[in-house]
Amino acid sequence: MDLTELIILLVVAGLCGSIARALAGSSRGGCLVSIALGFIGALIGSKLAMALDLPVVFAITLGGRSYPVVWSIIGASLFVAVLSLLSGRKRL
């Protein structure tokens, strides 16, 4: 994987994490948090899809590795929702 692929992967992860945060209703953190959520969401979403025997809906291939965009968004949304529930932050 070269530098260009790494930058594209970080942008895709950031977009996935941002979309997931918006879907889950979270506004904490910035760009680095979104990138981290994108990667964590890809791990959670991929494992969930494999466990439920679901197909890959949309994936981007970079450097010979597949990055599941839809499952990343779903996994990151679930992760953010669980973190919100555990944090116990009150909403007005």
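The rules we used
As a convention, each chain's residues are numbered from 1 in the sequence order in which they are written. Whole-chain, interface and lining totals are the exception, using all residues; otherwise, since this is a predicted model, local features are given only for residues with pLDDT of at least 70 and side-chain atom pairs are given and counted only at 80 or more. Note that the side-chain values use all heavy atoms of the structure and ignore hydrogens as well as water. Working definition of a nonpolar core: buried Ala, Val, Leu, Ile, Met, Phe, Trp, Tyr and Cys residues. They are joined through side-chain atoms within 4.5 Å. Any residue under 20% of the maximum accessible area for its type is buried, any over 50% is exposed, and the rest in between are partly exposed; the area is computed with a 1.4 Å probe on protein chains only. Note on conventions: DSSP H or I runs of at least 4 residues are helices, E runs of at least 2 residues are strands, and numbering of each starts at the N terminus. Multiplying one less than the number of residues by 1.5 Å gives the expected span of a helix. Residue contacts are defined here by distance: any two heavy atoms, one from each residue, within 4.5 Å place the two residues in contact. On a range of 0 to 100, pLDDT expresses the predictor's confidence in each residue. UniProt positions are given in the numbering used here, feature names are shortened, and annotations may be inferred rather than shown by experiment. For helices, the fitted axis covers only the stretch in contact; all axes are lines through C-alpha atoms, and the angles between them, taken along N-to-C directions, range from 0 to 180 degrees. Here is the rule for angles: anything less than 35 degrees is roughly parallel, anything more than 145 is roughly antiparallel, 65 through 115 is roughly perpendicular, and the remaining ranges are oblique. Residue polarity is assigned by list, with Asp, Glu, Lys and Arg as charged and Ala, Val, Leu, Ile, Met, Phe, Trp, Tyr, Cys and Pro as nonpolar; anything else, Gly included, falls into the polar class.

Naming follows an unreviewed UniProt entry, where the protein chain appears as Transglycosylase associated protein of Gimesia panareensis.

(A) Local environment of the nonpolar core. If you look at the biggest cluster of nonpolar residues, it comprises ten residues: Leu9, Val12, Ala13, Cys16, Ile35, Ala42, Leu62, Tyr67, Val69 and Ile73. When residues of this core are traced back to their parent elements, those giving at least two are helix H1 (3–24), helix H2 (31–51) and helix H3 (69–87). Per-element tally for this core: the top contributor is H1, with four residues.

(B) Summary view of H1. Helix length check: H1, at 22 residues, gives a terminal C-alpha distance of 31 Å against a target of 32 Å (1.5 Å per residue), a fit within 8%. Those residues of H1 that sit buried are Leu9, Val12, Ala13, Gly14, Cys16, Gly17, Ala20 and Arg21. Residues of H1 that are buried sit in contact with H2, strand E1 (59–62), strand E2 (65–68) and H3. Looking one or two residues beyond H1, the residue adopting positive phi is Gly25, at roughly 80°.

(C) Structural context of the confidence of the model for the protein chain. Residues with a pLDDT of 70 or more make up 93% of the protein chain, whose mean pLDDT is 82. Least confident of the elements in the protein chain is E2, whose mean pLDDT is 79; most confident is H2, at 85.

(D) Molecular detail of the side chain of Arg21. One can find Arg21 in helix H1. Ignoring sequence-local partners within four residues, the contact set of Arg21 consists of Ser26, Ser27, Arg28, Gly29, Gly30, Val33, Ser34, Leu37 and Val80.

(E) Summary view of the UniProt feature "transmembrane region" (unreviewed entry) in the protein chain. Per the UniProt annotation, the sites labelled "transmembrane region" (unreviewed entry) are residues 6–24, 31–49 and 69–86. Between the C-alpha atoms that bound residues 69–86 there is a distance of 26 Å. The span itself is 100% helix and 0% strand.

(F) The arrangement of the packing of H1 against H2 in detail. Contact pair H1 / H2: the axes reach a minimum separation of 6 Å and the direction vectors enclose 90°. By the angle between their axes, H1 is roughly perpendicular relative to H2. Every residue of H2 that contacts H1 at Leu9, Leu10, Ala13, Gly14, Cys16, Gly17, Ser18 and Arg21 is listed here: Val33, Ser34, Ile35, Leu37, Gly38 and Phe39. Of the residues contributing to the contact of H1 with H2, the split by class is eight nonpolar, five polar and one charged.

(G) Spatial organisation of the environment of Thr61. Along the chain, Thr61 falls in strand E1. When the C-alpha atoms of Thr61 and Glu5 are compared, they prove to be 9.7 Å apart, with 56 residues separating the residues in sequence.

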